[in-house]
There are 4 protein chains.
Amino acid sequence: MQYFKSDYMEGAHPLILERLCQTNMEKTSGYGTDEYCASARRKIAEACGCPQAEVHFMVGGTQTNATVITALLRPYEGVIAAETGHINQHEAGAVEAGGHKVLALPHHEGKLDAEEVDRYVTAFYQDPSWDHMVAPGMVYISHPTEYGTLYTLDELKALSAVCRKHKIPLFLDGARLGYGLAARDTDVTLKDIASLCDIFYIGGTKVGALFGEAVVIPQPGLIRQFDTIVKQRGVLLAKGRLLGLQFDTLFTDGLYLKIARHAIDMADRIVEGLKVNGYTFYIRPQSNQLFVQLENSLYEKLAQRIGFEVWEKRADGTTVVRIATSWATREEDVAELLEELKNK
Amino acid sequence: MQYFKSDYMEGAHPLILERLCQTNMEKTSGYGTDEYCASARRKIAEACGCPQAEVHFMVGGTQTNATVITALLRPYEGVIAAETGHINQHEAGAVEAGGHKVLALPHHEGKLDAEEVDRYVTAFYQDPSWDHMVAPGMVYISHPTEYGTLYTLDELKALSAVCRKHKIPLFLDGARLGYGLAARDTDVTLKDIASLCDIFYIGGTKVGALFGEAVVIPQPGLIRQFDTIVKQRGVLLAKGRLLGLQFDTLFTDGLYLKIARHAIDMADRIVEGLKVNGYTFYIRPQSNQLFVQLENSLYEKLAQRIGFEVWEKRADGTTVVRIATSWATREEDVAELLEELKNK
Amino acid sequence: MQYFKSDYMEGAHPLILERLCQTNMEKTSGYGTDEYCASARRKIAEACGCPQAEVHFMVGGTQTNATVITALLRPYEGVIAAETGHINQHEAGAVEAGGHKVLALPHHEGKLDAEEVDRYVTAFYQDPSWDHMVAPGMVYISHPTEYGTLYTLDELKALSAVCRKHKIPLFLDGARLGYGLAARDTDVTLKDIASLCDIFYIGGTKVGALFGEAVVIPQPGLIRQFDTIVKQRGVLLAKGRLLGLQFDTLFTDGLYLKIARHAIDMADRIVEGLKVNGYTFYIRPQSNQLFVQLENSLYEKLAQRIGFEVWEKRADGTTVVRIATSWATREEDVAELLEELKNK
Amino acid sequence: MQYFKSDYMEGAHPLILERLCQTNMEKTSGYGTDEYCASARRKIAEACGCPQAEVHFMVGGTQTNATVITALLRPYEGVIAAETGHINQHEAGAVEAGGHKVLALPHHEGKLDAEEVDRYVTAFYQDPSWDHMVAPGMVYISHPTEYGTLYTLDELKALSAVCRKHKIPLFLDGARLGYGLAARDTDVTLKDIASLCDIFYIGGTKVGALFGEAVVIPQPGLIRQFDTIVKQRGVLLAKGRLLGLQFDTLFTDGLYLKIARHAIDMADRIVEGLKVNGYTFYIRPQSNQLFVQLENSLYEKLAQRIGFEVWEKRADGTTVVRIATSWATREEDVAELLEELKNK
């Protein structure tokens, strides 16, 4: 049975493991002060077109989201997010545990709409009771979203303009950023993101690393004493070089995008197979996550042989499942999956 | 211009002031350990039909909500509330500042529906990712609600049953409880509330006191070391007897209900006048808060002469205003208001 | 038995009650937006010699301390305080509940020493691990201290200079400020405090009011959106005018200092009586709180007839008791106490 | 120049890397639900003599401390620790950021004294103001301590007895537990710890792993819904198997103790060399961390050639340095260090 449940089922890209092995017995100072981290920071900043950017390494997505949000917001502020946003659903209330409300707006295939954000913030300050309410202090988006969808460059520009108009930072959760950048039909580049967002991260855990997320702050100084906040939240890795080494490898010779492209290629084949066999997409596929809507009876049948993830049991007698590819997806597994999909 | 903006525009019932003056130079111990507090606790417990109940006094509603919720929830739990609930809207994120998410459900004229709560909790534990999500740890309702509406006894019983089925406490915000109990068409008594809720409070600030809310815990011991939590949140009044004296007065000779009834009488007259003059209610009036929907042009005209509160500017060219009566509303002011309402 | 246990055993100065009664049925807007608050703010700012000062009213000391400290500090910062400081001992961990460490330094009769603060902050930034530690983000002092002692003007200037050198705000807890300003041997005025501190409060609860503390920010804008933070912490009084009225009264015709002076006069007589009768002071008396050290046998005897507060049971077989006078202390009670003190 | 600055300067034991490489392309489910974690849990529980024990994996020490402490304490409780405890010094206020006070007691070479803890807790509940103070809710110790010292079995039994007498849990931070268990003169075994502590962790980061700490709860159920709390704090590793694999390797064939013993052997040689050459120990060496006190002039000289960590610059003109060995310390480096130490 092929497993397509998520994009974090395997370890790391072989080149990463190789470098971990090569450097294993070297002695370096801790907490990200080593040369591998410095090198990775330089390469990432360069790839972002922001040589001056600050880069901080963390271990996982939930901690990165919570740490960035806590560090950015003042006590009376909350974070605007799509209701489907990871921080609003599947992070066990980490933002609230840090003292802040998630201000959930309606989603559009997982995305926020710039005009709706604008209207929300404008209406907020027109409300006679606004100073008894949680002020919108930043905007959180994910790209790709939890539904695998992508902002267009125009959408991202519009969101950025709204944020700058209202003087609130725009934060992009790029846990799967590679798959967004490598997508077939995107017009958004890493440099666009660096110029339009105030802070964002480049996901490693789901794109080739054992673990790791690289937080980029294009204009340094956005968050005072950020390293101490990171330490306080318990997310400063002692052997920080493990993060530096991984990102240094991913950002050497374009490896990050190259392996992300493979996941997209594999997803494309599956999309093709799903279309040919008359399957219904719950969400139009755009990156490495595919959401397919199945009659429950068909779901039961396929679930015997295919390892996908149940996303939602719907009241209309259907099941939405997720099929995810990754940098590690093997061609032969895709071929087998395509065979299985024929047996509806 | 008559002011009907809110039910906390005046000071206190004269009997309360009188007792504050009489006892002013007495020396008592602090923090609620005095005899006036003890007496008030006894009278409240008796009125609730729970001689064993714990009673704690606090100063205002927001602090009471935040303190109770923080004290009841475990770190991974949130509080279910109607999306219109005060804790979700107008308390500046106090619940989140205490580390917990408000799990907002749709409202029905400001009320939660027991079946929807049941479905929500049931669905929560069926979600394959439930242990990465904020668990429903308690239910918050307000009675009267922020829209002045009331739960029926059956509705309250149903909510209570759902909470007990799922073993989560039911907390009733009674900031305006007097007006709910004194309402014309309610079948809910204070004893019902004490038997159906796990914790609730009897509002003083809006019902005759200078300030003060009496938290009742029918089954003592629900919250360990509650007084220390109250102290920690900075809401333990040094001269606690001020709270004891006020509630002792309100719960002597049925004063609390008597003055609440007056507010209802005044509201009834206004409702009658509004009906006679063809006004549109935004929400069916049930207690001391009336929500009227006005064409913007009419709103502009009336706003010159009547002091009501703007509740909502609607996209359809209307304005929803709130008219609130209280224990302090004077008959002559109501008469004048009724005159003004004729000039549409 | 005369009670000298604390300075918050009675209600309010009669002039305050009188005004509360006179204005009781007036209608005013809520949350401190009324004219009484505006007037009180003007008078306080004037008394501070800072017409531009921001003034915010809160109900009690613990909530004021916690709200100010939370609002001032960044997540990675803590507050320097004497180990005997109220925030470090008797506020049930309110500062920590708000997310911040109290950085306790040794006390000198309840006071911080400016040089020690300077050394602490200087050493902090020399520690190679400083960015893994809680940064000193502000300094908290109380005046009078918890031991009734007073900073001299020179001491206060030195502390202020250290704070300004290190760019951290100086916060003065003036829960008993009146008794400090009215003390016999002080050279510190309210204007000195306003020019040397970045934020401080003028205590009402213990000096003539039913309750209330007036937070003064000499340079407006120190804390962005402070009112919302106050609301979020549940300490914004709905009927804010109750605070305005009380402080307006206290700051009319010098009432605040006048009644504080009475407490000092009463304390002076008691000090005289204690000296004459050969009692031992645990701390040199400076304001309205007197700390007397008694052999346990003498303590047992006196405790039968005098209502003082046990401060500390010491290992050397003595008991430290506190005798507190206040604006409300009656001359005849002092006379009686003096009689009792003769019977050693 | 040989580096002996800390015990987290290298990667992982080669056997661990080998298994990471072997299993790299396997697909497993996330968040610690895989078979490697299950196996590691079984082996650890067995090594602890508690087959029923709960075992949870986290990434680093600070996050483990903060998560355990937050999960165990009620809002009004704090954690007793030695003033030198890591949580009180070098975790950037993580415990306070989680809402709790560290109740710091004097240390004895980094250790808490059971009698002092007993006296503290007893005195706490005798204080007339105890319910306005932070209650001692648990005890935190580290073993080895931050000074490399070790509790004897009797000391540990005494602490455990005090905790059980007062019904507060005992938590042992075992970030360097291996080096404690492998020490020459210890009489404390892993099974002793499991029977005397309510919760503790076995450090991997400093003892052979790339990263990872294994939290052991001998009596399951101590913390309700602990996994969700772990998720909320952002410290649940997505590819949880990385932790499982590492601990499974460390707890196979006694590897954990074996490699810890190597560090102790290396430390012993250095201790011998230090003694022979007349160096002064700041703290009697007991495990893999050695604290040596040097005249500043000697320090300056040695610092040119030896990579130790400056622990403290003392007022008496001396410098305390730390020399740490680890599982990765090479014999030839120790030999070289011993040569250098001769050149005083």
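Notes on the structure follow. Quick caveat: nothing in here was measured; it's all calculated off a predicted structure.

## Points about the interface of chain D and chain C
Stage number 1. The interface is formed by 18 residues belonging to chain D together with 18 residues belonging to chain C.
Stage number 2. For the pair chain D and chain C, the summed buried surface comes to about 1400 Å²; carbon and sulfur atoms form 52% of the total.
Stage number 3. Contact with chain C buries surface across chain D, with His90, Glu96 and Lys101 of chain D losing the most and accounting together for 36% of the total.
Stage number 4. Between the two partners, chain D and chain C, sit two salt bridges.
Stage number 5. Between Glu96 of chain D and Lys101 of chain C there is a salt bridge; the shortest N-O distance is 2.7 Å.
Stage number 6. Of all the secondary-structure elements, those providing two or more residues to the side of chain D that touches chain C are helix 4 (86-89) and helix 5 (94-97) of chain D.

## Some thoughts on helix 11 (residues 241-250) of chain D
All names here are of chain D.
Stage number 1. Most of helix 11 sits out of view: 10 of its 10 residues are buried.
Stage number 2. For helix 11, the full list of buried residues reads Arg241, Leu242, Leu243, Gly244, Leu245, Gln246, Phe247, Asp248, Thr249 and Leu250.
Stage number 3. Contacts from the buried residues of helix 11 go to helix 1 (14-22), helix 2 (35-47), strand 2 (54-58), strand 7 (199-203), strand 8 (213-217) and helix 12 (255-276).

## Remarks on the relation of the copies chain A and chain D
Stage number 1. Rotating chain A by 180° and moving it 0.0 Å along the rotation axis overlays it on chain D with an RMSD of 0.0 Å. Taken together, the turn and the small shift mark the pair as related by a two-fold rotation axis.
Stage number 2. With an isologous cut-off of 70% or more, the 100% of interface residues of chain A that recur at the interface of chain D puts this contact in the isologous class.

## With respect to the sheet that holds strand 9 (residues 280-283) of chain B
In a beta sheet, neighbouring strands are held together by backbone hydrogen bonds and run either parallel or antiparallel to one another.
All names here are of chain B.
Stage number 1. A sheet is described by the order of its strands in space; here four strands give the open sequence 9-10-13-12, paired in antiparallel fashion. Of all the strands in the sheet, the pair left with one neighbour each is strand 9 and strand 12 (309-313). Shown here is a sheet whose adjacent strand axes are inclined to one another by a mean of 40°, direction ignored.
Stage number 2. Bridge analysis of strand 9 against strand 10 (residues 289-295) gives three bridges, and the strand direction is antiparallel. Its bridge partner being in strand 10, Phe281 is matched across the sheet by Val292.
Stage number 3. On the sheet, helix 13 (residues 296-303) packs against strand 10, strand 12 and strand 13 (318-324) and is oriented at approximately 120° with respect to strand 10.

## Topic: the interface of chain A and chain D
Interface extent is often summarised as the accessible area lost during association of the parts.
Stage number 1. If you look at the interface, chain A gives 43 residues, while chain D gives 43 residues.
Stage number 2. Roughly 3800 Å² is buried in total at the junction of chain A and chain D, and carbon and sulfur atoms are behind 61% of that figure.
Stage number 3. Its salt-bridge partner being Lys27 of chain D, residue Glu10 of chain A comes within 2.7 Å of it at the nearest N-O pair.
Stage number 4. Our enumeration of links across chain A and chain D arrives at 28 residue pairs in polar contact (both at pLDDT 80 or more).
Stage number 5. If you list the elements that add at least two residues to the side of chain A that touches chain D, you get helix 1 (14-22), helix 3 (61-72), helix 5 (94-97), helix 10 (226-232) and helix 11 (241-250) of chain A.
Stage number 6. Partitioning the side of chain A that touches chain D into residue classes produces 22 nonpolar, 13 polar and eight charged.

Each value, and the rule that gives it
- Residues numbered from 1 in each chain as written.
- Chains lettered and ligands numbered in written order.
- Predicted model: local features only at pLDDT ≥ 70, side-chain atom pairs only at ≥ 80, totals over all residues.
- Heavy atoms only, no water.
- Contact = heavy atoms within 4.5 Å.
- Buried area = accessible area lost by both parts, 1.4 Å probe.
- Salt bridge = Lys/Arg side-chain N within 4 Å of Asp/Glu carboxyl O.
- Helix = DSSP H or I, 4+ residues; strand = E, 2+ residues; numbered from the N terminus.
- Buried < 20%, exposed > 50% of the residue type's maximum accessible area, 1.4 Å probe, protein only.
- Least-squares fit on C-alpha atoms with pLDDT ≥ 70 in both.
- Pairing = 2+ DSSP bridges.
- Axes fitted to C-alpha atoms, helices over the stretch in contact; angles between N-to-C directions.
- Polar contact = N/O pair within 3.5 Å; in protein donor to acceptor, adjacent residues only side chain to side chain.
- Nonpolar A, V, L, I, M, F, W, Y, C, P; charged D, E, K, R; others polar.

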